[in-house]
Amino acid sequence: MSLSTNAVASKAKSMYGKRLLDEHYQELLRKHSVPEIAAFLKTETVYQEALADVRENAIHRGDLEHLLRQAGFLRMQKLLRYVGTKNQSFYNFVVKEQEIDLILMRLRTINSDLYEAFNTEIPVYLEKYISFNLRDLLNAEDFDALLKVLERTGYDEVLKSLKPENRNQKVNYVACEYALHAYFYDWIFKTIDSEFKGKTKKELLTIFESQVELLNIAKIYRYKRFFDVDSQTIYNSLILTHQRMSNKFLKKLTEAEDDVAILNILAASNYQIMADDKDYVFIEYYADKVKYNLSRRYMRFSTNASMVFTTFYVMQKLEIENLINIIEGVRYGTPSENIEKMLIY
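One structure accompanies this document, and this report is about it. (Residues numbered from 1 in each chain as written. Predicted model: local features only at pLDDT ≥ 70, side-chain atom pairs only at ≥ 80, totals over all residues. Heavy atoms only, no water.)

### Some details on the overall build of the chain
Inference 1: The secondary structure content of the chain amounts to 18 helices and 0 strands.
Inference 2: Taken over C-alpha atoms, the radius of gyration comes to 21 Å for the chain, in line with the 20 Å a tight globule of 345 residues would show.
Inference 3: By principal-axis analysis of the C-alpha atoms, the chain measures approximately 50 × 45 × 45 Å.
Inference 4: Residues classed as buried in the chain amount to 50% of the 345 residues present.
Inference 5: The long-range share in the chain, meaning contacts at least 24 apart out of those at least 6 apart in sequence, stands at 64%.
Inference 6: Carbon together with sulfur atoms contributes 47% to the accessible area of the chain, which is approximately 17600 Å² in total.
Inference 7: With 47 positive and 48 negative side-chain charges, the chain shows a spacing of 6 Å between the two charge centroids. (Helix = DSSP H or I, 4+ residues; strand = E, 2+ residues; numbered from the N terminus. Rg over C-alpha atoms; globule rule 2.2 N^0.38 Å. Buried < 20%, exposed > 50% of the residue type's maximum accessible area, 1.4 Å probe, protein only. Contact = heavy atoms within 4.5 Å. Areas by Shrake-Rupley, 256 points an atom, 1.4 Å probe, with all protein chains shown as cover. Lys, Arg positive; Asp, Glu negative; His and termini not counted. Charge placed at Lys NZ, Arg CZ, Asp CG, Glu CD.)

Structure, rendered in structure tokens:
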């Protein structure tokens, strides 16, 4: 094992050791306002540095959430300093996920004309890491302008066939989302195939194949519960090339009569943990819970740099989402016991 591999694995495990624990979450659930949450995070947790300049009594909910997301991303960039020259392409998946999220955010605002909302949410800390100009993305007011911003990044080739026929036509957001996610998983699986071998390759494939499976299940359920879409259209929207679930099982899910039937199918399968509730929010919750438990297992037993890095990334993202759920819940007066049900740790 190389020195850089040792350093990445050791540093990631050290960061994992500073994660929020049950006692932190219980204390956060006792808070009654966003300033109280900010004060606790600033003084009692690993987010102390990220919130050092915050006036907790004056911070807005959106600003606090923004700072927490920034802290999570910069934490991964700090970890990348320990990575050597080997497998550099693979580790770029952290940035690619952010890029796709930004593009999808821009597409949503193009459809809704909420330019000011996008402006307030723009994560400027990403500027020096991403492959396109963030400010130009902010100013892209239609699909043509967006494609111009994305020239020579690869994303323009993914999206150009989905350009609306005229300026008054809305962007097919669902098709764009599918195309970008398919592009990401094609890229990550090709990268894993070319840069890794043996046990490491097998374990990384397991992590990302599981993500594809869970993404497909959640998408099928969303269509059945909220939209009147035929089964073939649903099937065609799935990522079929990088998951272990059989086409027969996927067909069975897409051809189910409704969302309740999907839950019954899941209850009789290896995914029965996802069938506890009829609400899509809980389907997402269980998908994230499966990802978390799988990642935690690898974090505990693996010493491989790429595996420890990937699993830490999954878990720290979920920790940020936990905090945002708490902030949102407290802000809107949700009972603490209901907020707690949404947390994964």
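Past the structure itself, the notes keep going.
### Examining the layout of surface pockets
Inference 1: Within this model, the second largest pocket holds a volume of roughly 670 Å³.
Inference 2: Together, 31 residues line the second largest pocket, and V46, A71, L74, R75 and K78 are the ones closest to its centre.
Inference 3: Looking at which element gives the most residues to the lining of the second largest pocket, the answer is helix α4 (residues 61–80), with 8 residues.
Inference 4: Residue classes in the lining of the second largest pocket are distributed as 17 nonpolar, 5 polar and 9 charged. (1 Å grid on protein atoms, 1.4 Å probe; cavity = no way out; pocket = protein on both sides within 12 Å on 5 of 7 lines; lining within 4 Å. Points joined across faces, edges and corners; volume = space filled by probe spheres on them. Nonpolar A, V, L, I, M, F, W, Y, C, P; charged D, E, K, R; others polar.)

### Here's the deal with unusual backbone geometry
Inference 1: A positive phi angle, near 65°, is found at R152, a position not held by glycine.
Inference 2: Position of R152 relative to the elements: it lies in the loop between α9 (143–149) and α10 (155–159).
Inference 3: When its relative accessible area of 75% is taken as the criterion, R152 is described as exposed.

### What about empty space enclosed by the protein?
Inference 1: On inspection of all chains with the given rule, the structure shows 1 cavity of 30 Å³ or more.
Inference 2: In this structure, the largest cavity encloses a volume near 40 Å³.
Inference 3: Lining of the largest cavity is provided by I207, S210, Q211, K291, L294, S295 and V314.
Inference 4: Where the lining of the largest cavity is concerned, the elements lending two or more residues are α12 (198–226) and α16 (280–301).

### A word on the nonpolar core
Across soluble globular proteins, nonpolar side chains have a tendency to be buried as a group.
Inference 1: Grouped together as the largest cluster of nonpolar side chains are 70 residues, with contacts concentrated most on F93 and I188.
Inference 2: Broken down by element, the residue count for this core peaks at 10 residues, all from helix α11 (residues 173–195).
Inference 3: Counting residues in each nonpolar core, the second largest holds 24 residues, with L20, L29, L68 and V330 among its members. (Core = buried A, V, L, I, M, F, W, Y, C linked by side-chain atoms within 4.5 Å.)

### A few points about helix α17 (residues 305–331)
Inference 1: In this model α17 runs 39 Å from its N-terminal to its C-terminal C-alpha over 27 residues, within 8% of the 39 Å that 1.5 Å per residue would give.
Inference 2: Extensive coverage of α17 is indicated by the burial of 22 of its 27 residues. (Expected span 1.5 Å × (residues − 1).)

### Describing the environment of A71
Inference 1: Looking at the secondary structure, you find A71 in helix α4.
Inference 2: Contacts of A71, omitting those with residues within four sequence positions, involve Y47 and A50.

### Section: the environment of H32
Inference 1: Counting through the fold element by element, H32 comes out in the loop between α2 (22–29) and α3 (34–44).
Inference 2: Sequence spacing of H32 and G329 is 297 residues, and the spatial spacing of their C-alpha atoms is 9.8 Å.

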